[in-house]
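Chain and residue survey
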Amino acid sequence: MRILGIESTCDETSAAIVEDGKKVLSNIVASSSLMHQKYGGIVPEVAAREQIKVIIPTIQEALLDANTTSAELDAIAIAYGPGLIGSLLIGVETARALALAWEKPLIGVNHLVGHIYANWLEPASSVPQFPLVALVVSGGHTDLILMKKMGQFKWLGGTRDDSAGEAFDKVARVLGLGYPGGPEIEKVASQSQSGKSTFRLPRPMIGSGDFDFSFSGIKTAVVNIAGKGNLDVGTISYEFQEAVVDVLVSKTLKATKKYRGKSIVVGGGVSANGRLREKMADAGEKNNIDVIFPEKRMSIDNGAMIAAAAFYEKNIVDPLTLRADPGLHFD
Ligand code: KG4
Ligand code: ZN
């Protein structure tokens, strides 16, 4: 079964062709992140205006790259939320129009669920085993989910303020680094002299009895330390990354132990982070839990994960009535 997956929830526009929820035949990603760099964040109107221009060529390229004609598609999948309304509308309206014109079933996908299903895409280190705990860490969300089987999502907790990705982006801006902040912080942190710091940042809520997170306090601590002016950006970045990763790993592990999870799957832009991958894998090894991450390019927003989620969920919707849903979350 060949599905065209379309993703336009934030500043990326992506289209991909995936076979049977696993095999990525093509995955084209057009990003307007360079245009947001001078503002240190996403400007929604700029993103949407760019997406109108690139969405059709991106879909055409995905078909071409997969050596697939529109007639060979079995369905069209669209991420209809959560996200920025202007960006969502462009993907949703395009998908509705194509589904009608090409007479294909239209499948609606929750973007966050897409990040989870990225872990089923090939090449994968192993196939996730149920029950499992999923950590979704993106620019807009930080959520822990319990999955007992395909298609069943029980929300365990999430951030009470900033998401992990937002914290990376805001701290990067404070430190004078580029946008998006996650990869920039990871880069300078890896060049720093680890273990030489004279300070330690807080690990907010690491010992709380629930599965919630809070990242705005770490950001404030960084602002205070950076304001003192005698520490280098590498050291601060390193300590910040350690603090965020420690909280994410600790809470995910706690949830997995409580629900006797066999696997941990991680998705969303922050799951591209090498230090998170390293520390989560270590924790899994020590506790006999299989830890799975998508390929790095499948961690950040992409169309392939939307096509994969559509294959497993098969949430067929009416192209005449589907609406973008900026506030969509887990049930
Ligand atoms: O999932 P995503 O591509 O878009 C949303 O759904 O929001 O996530 C984007 C977020 C940004 O905050 C970005 O800074 C972060 O993911 N990110 C990273 C890394 N790569 C992207 N954070 C930490 N380390 C990275 N290597
Ligand atoms: Zn995302």
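Residues numbered from 1 in each chain as written. Chains lettered and ligands numbered in written order. Predicted model: local features only at pLDDT ≥ 70, side-chain atom pairs only at ≥ 80, totals over all residues. Heavy atoms only, no water.

1. Details of the domain arrangement of the protein chain
Annotation of the protein chain at the domain level lists domain 1 (2-117 + 299-317) and domain 2 (125-293). One C-alpha centre belongs to domain 1, the other to domain 2; they are set 26 Å apart. If you look at the interface, domain 1 gives 18 residues, while domain 2 gives 20 residues. Each partner contributes to the roughly 1,400 Å² buried at the junction of domain 1 and domain 2, and carbon and sulfur atoms together form 69% of this total. Our count for the contact surface shared by domain 1 and domain 2 stands at 0 salt bridges. On the surface where domain 1 and domain 2 come into contact, there are 6 residue pairs in polar contact (both at pLDDT 80 or more). Broken down by secondary-structure element, the contributors of at least two residues to the side of domain 1 that touches domain 2 are helix 1 (33-36), helix 4 (111-117) and helix 11 (303-313). When grouped by side-chain class, the residues that make up the side of domain 1 that touches domain 2 number 9 nonpolar, 7 polar and 2 charged. (Domains from an automatic or database assignment. Contact = heavy atoms within 4.5 Å. Buried area = accessible area lost by both parts, 1.4 Å probe. Salt bridge = Lys/Arg side-chain N within 4 Å of Asp/Glu carboxyl O. Polar contact = N/O pair within 3.5 Å; in protein donor to acceptor, adjacent residues only side chain to side chain. Helix = DSSP H or I, 4+ residues; strand = E, 2+ residues; numbered from the N terminus. Nonpolar A, V, L, I, M, F, W, Y, C, P; charged D, E, K, R; others polar.)

2. Some remarks on the sheet that holds strand 3 (residues 23-31)
Strand pairing in a sheet is mediated by backbone hydrogen bonds. Such pairs are either parallel or antiparallel. Reading across the sheet, the 6 strands line up as 3-2-1-4-5-11 and stay open at both edges, with mixed pairing between neighbours. At either end of the open sheet lies a strand with only one pairing partner, and these are strand 3 and strand 11 (316-317). Two elements, strand 2 (residues 12-19) and strand 3, share 8 bridges in a ladder whose sense is antiparallel. Residue S14 lies in a different strand from strand 3, and its bridge partner there is V29. Contacts from helix 2 (residues 44-65) reach strand 1 (2-7), strand 2 and strand 3, with the element oriented near 20 degrees to strand 2. Packing of helix 3 (residues 85-102) onto the sheet brings it into contact with strand 1, strand 4 (75-81) and strand 5 (106-110), and relative to strand 4 it is tilted by some 155 degrees. (Pairing = 2+ DSSP bridges. Axes fitted to C-alpha atoms, helices over the stretch in contact; angles between N-to-C directions.)

3. With respect to the coordination of the zinc ion (ligand 2)
Protein-derived coordination of the zinc ion (ligand 2) comes from H111 (NE2), H115 (NE2) and D301 (OD), at a distance range of 2.0 to 2.2 Å. Here the donor residues for the zinc ion (ligand 2) map to a single chain with the spacing H-x3-H-x185-D. Taken as a pair, H111 in helix 4 and D301 in the loop between helix 10 (296-299) and helix 11 lie far apart in primary sequence, 190 residues in all. Residue H111 shares its accessibility class with D301, and that shared class is buried. (Donors = N, O, S within 2.8 Å, 3.2 Å for Na, K, Ca; no water. Buried < 20%, exposed > 50% of the residue type's maximum accessible area, 1.4 Å probe, protein only.)

4. A short note on the layout of surface pockets
Volume-wise, the largest pocket comes out at about 990 Å³. Around the largest pocket, the lining is made up of 36 residues, and of these C10, G139, G140, D169 and Y179 lie nearest the centre. At the level of secondary structure, the elements contributing two or more residues to the lining of the largest pocket comprise helix 4, helix 5 (164-174) and helix 6 (181-190). Residues that form the lining of the largest pocket fall into these classes: 13 nonpolar, 15 polar and 8 charged. Inspection of the lining of the largest pocket shows a minimum of three residues originating in each of domain 1 (2-117 + 299-317) and domain 2 (125-293). (1 Å grid on protein atoms, 1.4 Å probe; cavity = no way out; pocket = protein on both sides within 12 Å on 5 of 7 lines; lining within 4 Å. Points joined across faces, edges and corners; volume = space filled by probe spheres on them.)

5. Quick look at helix 11
Helical geometry: 3.6 residues make up each α-helical turn, so side chains three or four residues apart lie on a common side. Summarising burial for helix 11: 9 of the 11 residues are buried, a large majority. Looking only at helix 11, the buried set comprises G303, A304, M305, I306, A307, A308, A309, A310 and F311. Between the side-chain oxygen at the start of helix 11 and the backbone nitrogen of A304 there is a gap of 3.0 Å, and the oxygen is on N302. Just downstream of helix 11, K314 is the residue with a positive phi angle, here 50 degrees.

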